[in-house]
Every structure is written in C-alpha cells, then in structure tokens.
Amino acid sequence: MYRSEDHRTFAAPSENGMEAPGEQSASDVWTRVKRRLRAELGEDIFASWFGRLELDSVIEGCAYLSVPTRFLKSWIESHYADRVLAVYRSESGDVERVSIGVRSTLGRDPAAQRRVSDAPRPAPAASMALPSTSGDFKAPSIAAPQEERGESSDLGGAPLDSRLTFESFIVGRSNALAHAAADRVAHAQNGQAIYNPLYLHAGVGLGKTHLLHAIGHEVRAQGRRVIYLTADRFMYGFVASLKAQTSLAFKERLRGIDLLIIDDVQFIQGKQIQQEFGHTLNALIDAGRQIVIAADRPPADLENLDERVRSRLAGGLVVEVSALDEALRTSILTTRVEALKTIHPTFEVGPNVIAYVARAITANGRDLEGAVNRLLAHATLTGSSITLETAETAIRDLVRNREPKRVKIEDIQKLVASRYNVSRSDILSERRTAAVVRPRQIAMYLSKVLTLRSLPEIGRRFGGRDHTTVLHAVRKIEKALGEDHALSDEVELLKRMLQE
C-alpha cells in the first residue's frame, strides 16, 4: 500500500462516482493510454518518465497509477499530470481522476490505497523551480525509503553488485577496448585521473554497467572514495537537497570523492539539474578526480542534454561497446554453464547446444543468461538431458519475442546521406537542390514509419523544421512509392538495413 505522503490525486472538474471498468477493460485502456503518451511525447521522454509507470487499479472513477521512486512521482505530478489525465479521459469516460503513488514492497490493496488517499495530507511545501519530493538525500527528519539505502548511503549512492567484477567480465572483440580502458582507469597509479571522463556507451545488456561496477570495486579496494549513481538517483538527490535547503552540502559531498560513476546519463532531465551536473563534472575534472559515465548512445546524440555538458563528456575517451559477436556469446554461455555445474554437477550442455543458442540469441547478454537458466530448469525439473530439440523448446520465447532493433533518427540520417552521396549536414541544412531535397524527404519518411517520434519532434531533429514540412515530405514519398517501383525497392532496402 502507499504511504499518505506518497499519494496524490488529480481530478477533472466533473462529477465522479462512476463504476470502474472491468479488469480486462482497464488493462486495455491503460495500454491505449501509454501508446498515446508515447506518440505525443516522443520515445525519449516516454522512456525517461513513463516507462515504469504502471496501472494498479481503477476504482470508482479513479485510476491508481504507481512508480518505483518518489522522484519519478514528483516529476510526473509537476510536469505531466494534466496530460496523463487528459489522455486517460479521452480513452475512457469512466475515469475522472488519476492518482499517482510510490510502489512499496507491502503489496497493493486497492481498498487500502483508497483509505490512505483519503487521509489528511500535510500542507504543501513552497513552490520551487524544480518539482518537490517527499524525501531527502540525507534528511534526519525523514527516513529514506528502503530502496535508497545501501552502500555509500551517506552520499545517496547505489550499492555496487559484488558479482560484477573484472574477474567475471568476459572479454571479446566487441568489448576489448572498453575493458582495457576501464581496467586502466581502475588501476591508475596514485589514483591519477586518466581518460577523464571515461564515457562508455552501448545498447541494453552489452556489459557497460558491469564495467562500471568493476571499476568501482577496484578503486574502493584501494581505500579511495567512490560513489555510483544512476541518473535517477542523481536527480533525486539534487532535487531533494533543494527542498531541504541542503544543496550546498550535497554539492560539497559529491565533489569531495575520488571517483564518480554515473549510469544511464541519457535520462538526466531538467535545465537546473543539467547545469548542476555540468558544474559537478567541471569541479571534479579540474580537481583531478576521476569520472566514469555510461549511456545508451554517444555524447553527440544526447539531444536532451545541454550542449556544454555534451561537449565536456565528449572531451574524454568515448568508447562504444558493440554487439556481442558469436565467439563472445559462445564464451559467455560456456562460462555460465561451467559455473552452474559447480552447484548442479549433473547439468551437462553439449557444445552443439551451446553453438545453437549462441547463433539463435544475438540481442544481449541478459538473454543469454535467461537461456542458460531455462536449460537448467529443464534439466533439473525433468531429469532429462539437454538436446538440440529440448534447447529449441526451452529458449523459444527468447528467440520469438525479441524486440526489434530500436531505430534512431540519427542512424536514418547517416544511412540515407551515405546512400545518396550527400552529407548529414546537407540533410539538416536549408539547401533546396534536388540532390538534397529527395534524400531529406526519404529520411523524414523513414523517421515517421520506423520510429515513434512525433512530427514536431522529427522536424526539430531535421534542422528545426516545422511539423507541416515533415508531413508534406511523408505524403510526397508515400505517393512516389506507389508510382515508382525503383524508389519503392530502394526504400525497402533502407528499411531492412536499418532494422537488421
């Protein structure tokens, strides 16, 4: 259930008391609401703020939603509550209010939630430029939530995972440079900062977070001060310190460490938070302290970050951890199977099965881990040996349900520019020659059909153009595809190249 200070309701100016829709209907409506929010706000904003927003129940005209942290709750309430309610009402006339709470480990009893939501609430705090939050980075009067505690809790840091060390990291061609850079930073003589900042970027499950934790373990073992933060925790700590009027102490503590590790930096939002993040980077680098950053894309592609911050991040060593090749996937599977055999001596997986799994699962290391767990479950629960047939059955969902590759507008622009022998800057420019206009229109069309970006956002990514320009380009290419078979084949080839 929710604590009273973690629960707030937003109501539309109309009467309530309608019956809640059925469970299946509520789920369908929530799916449509999320789809609408994703389309209207764009993929980046949706992933940053709404990816972990869940529907708990719909009771008496109120949709009870929840998020895992108080920072997310406070930010959505301050910036998007009206939008969420408007979209919800357009999809379901039965919903008159939206209530956002913080998920706890005590379960979700809708009746209890209603009782809590009706309890008296403390008077609202004074308004601020940034959203308020019902906790503190380290406030003596308000206990931090259980999920915020752990190693380095005095600085609000997240604990380091003891399993993620250099010894457990498997090196291959795709991650060798990133591993070497991380190892050099972790073992720098006399704690001297090198490659500052070290910036690692990769897709999901390719090992960048593993390297961050490994660096943290090594540096901490040397007796030096380390703090590991996700973007969420950094934002939560800064906003909470503003509310508690302890921002100066927050800054001094953060800048007094030897190694700062920030994960998922692409999620840092808000002008004031980004400014403080930039000041922290500058202060630590000028003081000779080491910074290690991870994100899902290179600094130049972090459009939501302040340009000065992007420039600072790009000024260090930027290393990409690319997709796992088949040899590395085979090594990961073999190592994992051998580790499990020490616990389950009868667990045997032949090289032909490992080779099949390595070929079938190409997305990331987490899927490989899931595949081995499924093979182990099959072997221990049925008592039968692992064959190719049983392996196909065990990992079928991982192969069939893999998410398609997420296509970025930058990738579209680069591929189209290369294909039509123009530069990306030409596509973003105001040039109107035929050699540039057609590739630009094709790139806009592909951005509309292959991404979830809105037309205004696509226009902004194409040199700040108006959404009507994008719409004109999309319609023109759609018409041309029906008349020009050669162009249709060319565009289909570009789609396949982007999605593979």
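Here the structure is shown first, and the text comes after it.
These numbers come from a predicted model, not from an experiment.

About the cut-offs
All residue numbers refer to position in the chain's written sequence, counted from 1. The predicted nature of this model means local features are confined to residues of pLDDT at least 70 and side-chain atom pairs, given and counted, to a pLDDT of 80 or more, with totals for whole chains, interfaces and linings taken over all residues. Processing note: side-chain calculations cover all non-hydrogen atoms of the structure and skip hydrogens and water entirely. Put simply, DSSP H or I for four residues or longer makes a helix, DSSP E for two residues or longer makes a strand, and each gets a number counted from the N terminus. Buried, partly exposed and exposed residues are distinguished by accessible area as a fraction of the type maximum, computed with a 1.4 Å probe on protein chains only: under 20%, between the cut-offs, and over 50%, respectively. Here, two residues are considered to be in contact whenever any of their heavy atoms come within 4.5 Å of each other. All accessibility values rest on the Shrake-Rupley procedure with a 1.4 Å probe; residue burial counts only the protein chains present in the view. What makes a nonpolar core is a set of buried Ala, Val, Leu, Ile, Met, Phe, Trp, Tyr and Cys residues whose side-chain atoms join them at distances within 4.5 Å. For two strands to count as paired, DSSP must find a minimum of two bridges between them. Place the viewer so that the strands point away; then a crossover is right-handed whenever the path from the first strand over the helix to the second strand goes clockwise. Our arc is simply the arc of the directions from the helix axis toward the C-beta atoms. Orientation is described by lines fitted to C-alpha atoms, with helices fitted over the stretch in contact, and by angles between N-to-C directions that extend from 0 to 180 degrees. Counted as positive: Lys and Arg. Counted as negative: Asp and Glu, with His and the chain ends omitted from the count. Salt bridge, as applied in this entry: a Lys or Arg side-chain nitrogen positioned within 4 Å of an Asp or Glu carboxyl oxygen.

Visitor: How should I be thinking about the overall build of the chain in this particular structure?
Guide: When you go through the chain residue by residue, the secondary structure sums to 22 helices and 9 strands. Of all 500 residues assigned to the chain, the portion counted as buried reaches 49%. Of all intrachain contacts in the chain linking residues separated by at least 6 positions in sequence, the fraction that spans at least 24 positions is 77%. On the chain, roughly 24,200 Å² of surface is accessible, and the fraction owed to carbon and sulfur atoms is 49%.

Visitor: So what exactly am I meant to see when it comes to the nonpolar core here?
Guide: In summary, soluble globular proteins display a tendency toward joint burial of nonpolar side chains. Ranked by size, the top nonpolar core spans 55 residues in total, and within it Phe-50, Tyr-88, Val-265, Ile-273, Phe-277 and Ile-293 carry the most contacts. Apart from residues no more than four positions distant in its own chain, Val-265 is found in contact with Tyr-199, Ala-231, Phe-277, Ile-293, Ala-294, Ala-295 and Leu-302. The next biggest cluster of nonpolar side chains, apart from the first, holds 51 residues, and it includes Ile-215, Ala-358, Val-372 and Ala-391.

Visitor: Help me understand the environment of Gly-203 in this model?
Guide: Mapped onto the fold, Gly-203 is located in the loop between strand 5 (198-201) and helix 7 (208-221). A C-alpha to C-alpha distance of 7.7 Å links Gly-203 and Arg-297, two positions 94 residues apart in sequence.

Visitor: Looking at this structure, I do not really get the pairing of strand 8 (residues 290-295). What am I missing?
Guide: The side chains of a regular strand alternate, first on one face of the sheet and then on the other. The buried fraction of strand 8 amounts to 6 of the 6 residues, a majority that puts the element mostly inside the structure. The side-chain alternation of strand 8 yields two buried faces, one formed by Gln-290, Val-292 and Ala-294 and the other by Ile-291, Ile-293 and Ala-295. Inspection of the sheet shows strand 7 (residues 259-263) paired to strand 8 by 4 bridges, in the parallel sense. Looking across to strand 8, one finds that Leu-260 is bridged to Ile-291. Taking the sense of rotation as the criterion, the β-α-β connection linking strand 7, helix 10 (residues 271-286) and strand 8 turns out right-handed.

Visitor: Would you explain helix 4 (residues 81-91) in this entry?
Guide: Side chains of residues three or four places apart in an α-helix project in the same direction, reflecting 3.6 residues per turn. All buried positions along helix 4 are accounted for by Ala-81, Val-84, Leu-85, Val-87 and Tyr-88. Buried residues along helix 4 cover an arc of 165° about the axis, so they all sit on one side.

Visitor: What should I look at first to understand the sheet that holds strand 9 (residues 317-320) in this one?
Guide: Consider a sheet: its strands pair through backbone hydrogen bonds, and that pairing is either parallel or antiparallel. Spatially, 5 strands are ordered 6-7-8-5-9 in an open sheet, and the strand pairing comes out parallel. At either margin of the open sheet sits one strand with a lone partner, and together these are strand 6 (226-230) and strand 9. Recorded for the sheet is a direction-independent mean angle of 15° between the axes of neighbouring strands. Taken together, the 5 bridges between strand 6 and strand 7 define a ladder with parallel strand orientation. Looking at strand 7, one finds that Ile-227 is bridged to Leu-260. Relative to strand 6, helix 8 (residues 231-243) is tilted by about 100°, and along the sheet it contacts strand 6 and strand 7.

Visitor: Got a minute to help me understand the side chain of Arg-329 in this structure?
Guide: Residue placement: Arg-329 occurs in helix 12 (residues 326-341). Although Arg-329 is buried, it forms no salt bridge, and the closest oppositely charged side chain is Glu-326 at an N-O distance of 4.4 Å. Apart from the residues lying within four places of it in its own chain, the contact partners of Arg-329 are Leu-324, Ala-358, Arg-359, Ile-361, Thr-362 and Leu-368.

Visitor: Got a minute to help me understand the environment of Cys-62 in this structure?
Guide: Its place among the elements puts Cys-62 in strand 3 (residues 62-67). Exposure remark for Cys-62: the relative accessible area of 1% places this residue in the buried category.

Visitor: Even after reading the chapter, I still don't get unusual backbone geometry, so can you show me in this structure?
Guide: The general pattern is negative phi for most residues beyond glycine and trans for most peptide bonds. Looking along the chain, the bond that leaves Asn-196 and enters Pro-197 is cis, with omega of -5°. Here Glu-60, not a glycine, exhibits a phi torsion of approximately 50°, which is positive. The residue Glu-60 is located in the loop between strand 2 (54-59) and strand 3 in this model. Judged by its relative accessible area of 46%, Glu-60 falls in the partly exposed class. Phi at Tyr-195 is positive, roughly 50°, even though this residue is not glycine. Among the secondary structure elements, Tyr-195 is positioned in the loop between helix 6 (176-186) and strand 5. Among the residues examined, Tyr-195 registers a relative accessible area of 34% and is labelled partly exposed.

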